[in-house]
Each structure stands twice: as structure tokens, then as C-alpha cells.
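The chain contents come next:
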Amino acid sequence: MYTTQSKNGKNLIMKSILYAVFFSSIIVLMPACKKDSGTDKAHLSVRMTDAPASYNAVNVDIVGVEVTGNGGKAVMLNVNPGIYNLLNYSNGFDTLIASGDLEAGTVSQIRLILGTNNTVVINNVIYPVSTPSASQSGLKLQIHKTFEAGVSYGILLDFDANKSIVTTGNGVYQLKPVIRTIDAAITGSIKGNITPVGTIAVVTATSETETYTSVTNAAGNFLIAGLPAGIYAVTITPKLPMLPVTLTAKIVVVGASTNIGLIVM
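Residues numbered from 1 in each chain as written. Predicted model: local features only at pLDDT ≥ 70, side-chain atom pairs only at ≥ 80, totals over all residues. Heavy atoms only, no water.

**What about the overall build of the chain?**
Along the backbone of the chain there are two helices and 21 strands. For the chain, with 265 residues in total, the buried portion stands at 40%. For the chain, restricting intrachain contacts to residue pairs at least 6 apart in sequence, the fraction spanning at least 24 positions comes to 70%. Summed over all atoms, the accessible surface of the chain reaches about 14,700 Å², with 58% contributed by carbon and sulfur. (Helix = DSSP H or I, 4+ residues; strand = E, 2+ residues; numbered from the N terminus. Buried < 20%, exposed > 50% of the residue type's maximum accessible area, 1.4 Å probe, protein only. Contact = heavy atoms within 4.5 Å. Areas by Shrake-Rupley, 256 points an atom, 1.4 Å probe, with all protein chains shown as cover.)

**Here we look at the sheet that holds strand β15 (residues 188–195)**
Across the sheet, three strands lie side by side as β18-β15-β21; this open sheet has mixed pairing. In the strand order of this sheet, the two ends are held by β18 (221–227) and β21 (257–264), each with one partner. Here the strands of the sheet are splayed against their neighbours by 15° on average, with no regard to which way each runs. Bridge analysis of β15 against β21 gives six bridges, and the strand direction is parallel. Note that in β21 the partner of T195 across the bridge is V264. (Pairing = 2+ DSSP bridges. Axes fitted to C-alpha atoms, helices over the stretch in contact; angles between N-to-C directions.)

**Some remarks on the pairing of strand β8 (residues 119–122)**
Covered by surrounding structure in β8 are T119 and V121 together with V120 and I122, the residues of both alternating faces. Sheet topology places β8 next to strand β9 (residues 125–130); four bridges connect them, and they run antiparallel. Across the sheet, the residue bridging to V121 is I126, located in β9.

**Considerations on the environment of A225**
Looking at the secondary structure, you find A225 in strand β18. A225 has contacts with R180, I182, G188 and S189, leaving out every residue within four places of it along the chain.

**Some thoughts on the environment of L247**
Inspection of the secondary structure assignment puts L247 in strand β20 (residues 245–252). Sequence separation between L247 and A205 is 42 residues; the distance between their C-alpha atoms is 9.5 Å. Residues within four places of L247 in sequence aside, it is in contact with Y232, A233, V234, I260 and I263.

**Side note on the nonpolar core**
One finds L44, V46, I97 and L112 to be the most contacted residues of the largest nonpolar core, which totals 39 residues. Going through the elements one at a time, β1 (41–51), β2 (57–68), β6 (95–103), β7 (105–114), β8, β10 (139–147), β11 (152–160) and β13 (172–175) are the ones with two or more residues in this core. Broken down by element, the residue count for this core peaks at five residues, all from β2. The residues touching I97, leaving out its near neighbours within four places in the chain, are V46, R47, M48, I62, V65, N78, V79, N80, Y84, L112 and L157. (Core = buried A, V, L, I, M, F, W, Y, C linked by side-chain atoms within 4.5 Å.)

**Brief notes about the pattern of salt bridges**
Under the defined criterion, the tally for this structure stands at three salt bridges. The closest approach of N and O atoms between D94 and R47, which form a salt bridge, is 2.7 Å. Separated by 47 residues along the polypeptide, D94 in the loop between β5 (82–85) and β6 and R47 in strand β1 bring together distant segments of the chain. The partly exposed category is assigned to D94, whose relative accessible area is 32%. Residues R180 and D158 are paired through a salt bridge, measuring 3.3 Å at the closest nitrogen-oxygen approach. Remark: D158 occurs in strand β11 and R180 occurs in strand β14 (residues 179–182); sequence separation between them is 22 residues. (Salt bridge = Lys/Arg side-chain N within 4 Å of Asp/Glu carboxyl O.)

**Considerations on the sheet that holds strand β16 (residues 201–206)**
Pairing is antiparallel across the open sheet formed by four strands, whose spatial order is β17-β16-β19-β20. Where the open sheet ends on each side, the last strands, each with one partner, are β17 (211–215) and β20. Recorded for the sheet is a direction-independent mean angle of 20° between the axes of neighbouring strands. Two strands pair when backbone bridges link them, and strand β19 (residues 230–238) and β20 are joined in this way by six bridges, in the antiparallel orientation. By the bridge assignment, I236 is partnered in β20 with V245.

Shown next as C-alpha cells:
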């Protein structure tokens, strides 16, 4: 009798161990399946920066960011909606405005959707800024980039505030956004500063084929981002009676910022 009970007890213990191992395997495998389920998509972050401008503020109302991918399929990213003062994001500063997961493949464009609360501040006076009817459905920016599954990508929208605000006279302003898309992974930048402090100047970086423009801020600093690798001539043009200064043979490499130092005007 004792032998039978002992065998039964051992059998029960073995069954309990087997059940425990079986259910533990399920608990371990379930999170692993969830982890692998997202690897067929790419992750995209969209950030925004700006070149300095000769205004007190340029406020842009961002309400949506949409990406068009394979077969013309549109995907609305998770946006951080709000009114952004572009001048807070110049000279190397930027901000995240949207992110999300996309099907792997080629992305053709980004559509930036703006609201109606856009303003410009000039001499501390706030002026409403209207958006032309052609832009009210969203600003379409062509990118044509192939995204791979399981990889995170970043696109930087370089918003040129100086060129984007257009006056129609009598204190009426329109927002006609001039935006350049930058892939930080394949570009570099040029930065520096000028003296005397308070001097506002236009800064251009010119290669054999392209010219890129920025403006110094109130502290005299400037940064021109999104430059393909190459050799550039940099020209700083202040207001008269100061004369322009040109620096040649400035080398830009991918993923780095070339500091050309202090320029005395």
C-alpha cells in the first residue's frame, strides 16, 4: 500500500512539474511574439528647425503630419500639435513634431498640415498670417526615400521663416512656406559667429552646384545645416556700410559641423 501511494505521489509531482514547464513556456513565448510582430515596419521621426529671421516671432500652427508611402497609401503620424515659434528652433536647435511606424518601402512625400492660428510679430505688434488656398490642404514635401523594416529614420524640416512670410501691403501678411527636407545621415553643416554683436547679416554657403542661405541671430551666431559633403565658399553680407566677407575652401563632411569661428565685420 505504501508503495502504490508513493508511486502515485511521484506521478502527481511529475505531472505538476510538466504542467508548470508547459505554462511557463507559454508565458515566455507570448512577449517574444509581440516583440517580433513590429519588425516589418520602419519608424520615422519628423523634426523641425529654422533659419534665423528678422522678426520678433513667426508662429506656425501645426495640426498634422501625413506620410505617403507604398502605392500612394497615406499614413497619419502621431503629431505633437501646437503653435510653434520658428525662431526658437534656429542655429542648431530643433523640435520633434511627429513620429510613427510605416510599412517598409519607398516614401514619396510628407504633407505638413497647418491650422489657422498663424501669426508674425514685427516691432512687438502681432499680425495674423493667412495661408493661400493652394496650401490649405497641406504642404507637400517630396522626399523619395526607401525605408527598411526594423530601422528608425529621421527627417528634418528646415523652415525658412524669412522667405516664408510675404507682405501684401497695409499690414497684411501671407504664409507661403519655404521648407527644405534634410536627411541628417547624409549631410553636414557650417557654423560660426560674427562681431560686433547685434549685426544682422545674410550668410551663404556656395559649392560648385548649389547655394544655401541663413541669417545671423541677435547674438551674431549662424548655422547652415543640410549641406552635402564638399568644399564651400562662405560669404557673410551685413547691412551697409559694412562690407561683405568671403571665406573659401571650407570643407564639409557628413555627420559633422564645420566651425569657421569668429568673423570680424
